Amino acid sequence: MFPTHMLLLDLALVVVLAKVMGALARRLGQPAVVGEIVAGVLLGPTLLSPGLTAVIFPEEVRPVLSALAGVGVALFMFVVGTELDAGAMKGGGRVTVWASLFATAVPLALGALLAGTLLSGHQRGSAAGFVLFFAVAMSVTAFPVLARIIADRGMTGTRIGATALTCAAVCDVLAWSLLALVVALATGARFQWWLLLLVPYVVVMVTLVRPLLRRMSELRRHGEPGGGFFFAVVLAGLLMSAAFTEWLGLHYIFGAFLFGLLLPRSGGGEVRERVIRRVEPLCGTLLLPVYFVMAGLKIDLSGLTVGELGELALILATAVTAKFAGTYAGARIGGLHSREAVTLGALLNTRGLTELVVLGVGLELGVLNERLYALMVVMAVVTTALTGPLLNRLHPAPAAEEASRRASAHAPADRAG
């Protein structure tokens, strides 16, 4: 008999621990997602013995948890798609174009070079697939986490905040497009025929599904009944879109992401906001923490060798340097002042959950082995955690900036006395 009671107890444990660790992360000035990722790692073999982990998460329960985690990732990718504003990406100007280009190209190039040094110890499948995937993983920026960091620090209305969000949106679209190519290469046997279906699928979604959603949202916005029906249509649509791309052999995250892109933004976005407000609580409170736990069960940092620690240091150095240097160079070419270019580089180094989704795809496809997956997860956590402290120095929050200005104003008198 299936241990339903263990499934329910595991879900309760995941929700509580994720909430506690998320709150702790916020108290430490970090995004909640950092604490939630750490919670997942702590429940795995890094801290607990394999026997204890097996008792807490029995083998019979794990497939159900994995399925729930998959639904959570699909909903997350849908929300990511809804938050990307194509209009903002079009109007970013020189700074956005150059910063986005370099923030993607430099990590891709340095990531590919680093992947060449890791081939002998970690390669799975073709060398080309491994190098391409690793390069894409190094180029990721977490748009949703970055948006929340910018909002929490009151930077939404500032030039650097708006530029960072636009650059992150462009970088994400480029990264997901490149990841789709990597997935296509990794599933090469099916590449020929799914490509033929993918193009008409996108055309149908844009020319038929999007206008239909817009019409339904307009009716809803003008007070027509059926708000619950519209939400049900959106939920069913994103799940079917995700299922279709999964059936094609691409990956379900791309179908969910595309459906989010198609959700109407007209009329001030009220209907879109209502949909997101319904999706995010379930996704963020229950399903994504389950994803973190399932990811944590595949990570064992307790037995890292000296060589693996060296690889981790090299991965961290390359990730931070490549994203920062690429963003800074592109922003300066685009005409941004030096200090703002440095701040932009720090912001775009945020990787968060988006990186975990990409890494999960690599592990699922067999491109990454579990040891390199663990090292890359650490990189995602560390680079995201660095964003707050760096911003404290480069772009203090308004209150801190005012205090600093007052201290500077009194400094000459204090020294004179």
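Residues numbered from 1 in each chain as written. Predicted model: local features only at pLDDT ≥ 70, side-chain atom pairs only at ≥ 80, totals over all residues. Heavy atoms only, no water.

As a further point, take the overall build of the protein chain. Looking only at helices and strands, the protein chain has 18 helices and 0 strands in total. Looking at the protein chain as a whole, 50% of its 417 residues are labelled buried. Taking contacts inside the protein chain between residues at least 6 apart in sequence as the whole, the part at least 24 apart equals 81%. Surface summary for the protein chain: the accessible area is close to 18300 Å², and the carbon and sulfur share equals 68%. (Helix = DSSP H or I, 4+ residues; strand = E, 2+ residues; numbered from the N terminus. Buried < 20%, exposed > 50% of the residue type's maximum accessible area, 1.4 Å probe, protein only. Contact = heavy atoms within 4.5 Å. Areas by Shrake-Rupley, 256 points an atom, 1.4 Å probe, with all protein chains shown as cover.)

With respect to the helices, strands and loops of the structure, Glu36 is situated in helix α2 (residues 32–42). If we skip the residues at most four places from it in the chain, Glu36 touches Ala18, Met21, Gly22 and Phe292.

Our focus in this paragraph is the packing of aromatic side chains. Applying the stated criterion across every chain yields a total of 8 aromatic pairs. Between Trp176 and Phe254 the ring centres are 6.4 Å apart and the planes differ by 85°, which places this aromatic pair in the edge-to-face class. You can see Trp176 sitting in helix α9 (residues 159–186) and its partner Phe254 sitting in helix α12 (residues 252–262), a full 78 residues away along the chain. Across the pair, exposure class does not vary: Trp176 and Phe254 are buried alike. Positioned over the ring face of Phe231 is Arg278, at 5.1 Å from the centre of the ring. (Phe/Tyr/Trp six-rings, centres within 6.5 Å; stacked < 30°, edge-to-face > 60°. Lys NZ or Arg CZ within 6 Å of the ring centre and 35° of its normal.)

As a packed pair, helix α1 (residues 4–27) and α2 sit with axes 7 Å apart at the nearest point and diverge in direction by 135°. Here α2 runs oblique to α1, going by the angle between their axes. You can see that α1 and α2 cross each other, and the crossing is right-handed. The residues of α2 that touch α1, namely those facing Leu17, Ala18, Met21, Gly22, Ala25 and Arg26, are Ala32, Gly35, Glu36, Val38, Ala39 and Leu42. The residue inventory of the contact of α1 with α2, partitioned by class, reads 8 nonpolar, 2 polar and 2 charged. (Axes fitted to C-alpha atoms, helices over the stretch in contact; angles between N-to-C directions. Parallel < 35°, antiparallel > 145°, perpendicular 65-115°, else oblique. Left-handed = near helix turned anticlockwise from the far one by under 90°. Nonpolar A, V, L, I, M, F, W, Y, C, P; charged D, E, K, R; others polar.)

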